Amino acid sequence: FASLCFPTIPGIHGGLFSTVEDREIGLVMLQAYNDWHIDEWVGAHPTRFLPLAQIPYWDPSLAAAEVRRMARKGCRAFNFCQNVSAMGFPSIHDRHWDPFFTAVCDEGGVLTVHLGTSGKAMFNSMDAPYSGYMAMVNIDMASFACDLIFSPVLQQFPHLRVAMSEGGIGWIPFFLE
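This write-up is about the structure you can find in this document. (Residues numbered from 1 in each chain as written. Predicted model: local features only at pLDDT ≥ 70, side-chain atom pairs only at ≥ 80, totals over all residues. Heavy atoms only, no water.)

Turning our eyes to something else, we now look at the side chain of aspartate 98. Of note, aspartate 98 is situated in helix α3 (residues 98-106). A residue is classified by how much of its surface remains accessible, and aspartate 98, at 12% relative accessible area, is buried. Here arginine 95 takes part through its side chain, which lies 2.5 Å from a polar atom of the side chain of aspartate 98. The residues touching aspartate 98, leaving out its near neighbours within four places in the chain, are Gln156 and Phe157. (Helix = DSSP H or I, 4+ residues; strand = E, 2+ residues; numbered from the N terminus. Buried < 20%, exposed > 50% of the residue type's maximum accessible area, 1.4 Å probe, protein only. Polar contact = N/O pair within 3.5 Å; in protein donor to acceptor, adjacent residues only side chain to side chain. Contact = heavy atoms within 4.5 Å.)

So, in structure tokens, the structure goes:
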């Protein structure tokens, strides 16, 4: 068994690097993180950890280049957000992401999406306790799955593989109905 380790400091979807105003510095930080993650963290225990690369959300061509760079280092998992439009970028319904999705497919990669990266809470009252959020958090993944299935992404990229992490499966019967 091996673990796919999502980031904490850069955010579970790696979005911190995309908030840096100076995009050059943001890219340097992102690449340094990816290199450290693969070379040192995963490299120290290659049978225990699977590499997971972060992408520069602000530029899908740069994201594609990072996918290809990381694939040369043996990485096949590429982190993505449940709702990139909540980060201020075009949604997955937009052709904006085509270079990134093309690179993931070309490199035989997997798009990884972690629960809790949608930018919204799945309950009505914003003053509800955190336990209310945790009771509904798996529905968040159903929302992403619906967005993905009804987007053009899977039709345009039929070989795209997607892994949804920590989303459970209890929502699937409702979703299928």
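What follows continues from the structure just given.
Moving on, we get to the pattern of salt bridges. Counted according to the given criterion, the structure contains seven salt bridges. The shortest N-O distance in the salt bridge between aspartate 35 and arginine 69 comes to 2.9 Å. Taken together, the residues aspartate 35 in helix α1 (residues 23-44) and arginine 69 in helix α2 (residues 60-72) connect sequence positions 34 residues apart. By relative accessible area, which is 22% here, aspartate 35 ends up partly exposed. Across the pair lysine 73 and aspartate 35 runs a salt bridge, and its minimum N-O distance is 3.0 Å. Of this pair, lysine 73 sits in the loop between α2 and β4 (77-80) while aspartate 35 is found in helix α1, placing the two residues 38 residues apart along the sequence. (Salt bridge = Lys/Arg side-chain N within 4 Å of Asp/Glu carboxyl O.)

What follows covers α2. Across its 13 residues, α2 extends 18 Å between first and last C-alpha, which sits within 8% of the 18 Å expected from 1.5 Å per residue. If you follow the buried residues of α2, they end up packed against α1, β3 (52-53), β4 and α3. Looking one or two residues beyond α2, the residue adopting positive phi is glycine 74, at roughly 95°. (Expected span 1.5 Å × (residues − 1).)

Its place among the elements puts tyrosine 130 in helix α4 (residues 130-149). For the pair tyrosine 130 and isoleucine 9, spaced 121 residues apart in sequence, the C-alpha to C-alpha distance is 21 Å.

On to unusual backbone geometry, then. Residue glutamate 166 is not a glycine yet carries a positive backbone phi of 60°. Among the structural elements, glutamate 166 can be located in the loop between β6 (161-165) and α6 (172-176).

In terms of nonpolar packing, the biggest core is built from 36 residues, with Tyr57, Phe78, Phe80, Trp97, Phe100 and Phe101 touching the most fellow members. Mapped onto this core, the elements with two or more residues apiece are α1, α2, β4, α3, β5 (110-114) and α4. (Core = buried A, V, L, I, M, F, W, Y, C linked by side-chain atoms within 4.5 Å.)

This paragraph deals with the packing of α2 against α3. Look at α2 against α3: their axes get within 7 Å of each other, and the N-to-C directions meet at 15°. Here α3 runs roughly parallel to α2, going by the angle between their axes. You can see that α2 and α3 cross each other, and the crossing is right-handed. Residues Pro60, Ser61, Ala63, Ala64, Val67 and Arg68 of α2 pack against Pro99, Phe100, Thr102, Ala103, Val104 and Asp106 of α3. Among the residues making up the contact of α2 with α3, the classes are represented as eight nonpolar, two polar and two charged. (Axes fitted to C-alpha atoms, helices over the stretch in contact; angles between N-to-C directions. Parallel < 35°, antiparallel > 145°, perpendicular 65-115°, else oblique. Left-handed = near helix turned anticlockwise from the far one by under 90°. Nonpolar A, V, L, I, M, F, W, Y, C, P; charged D, E, K, R; others polar.)

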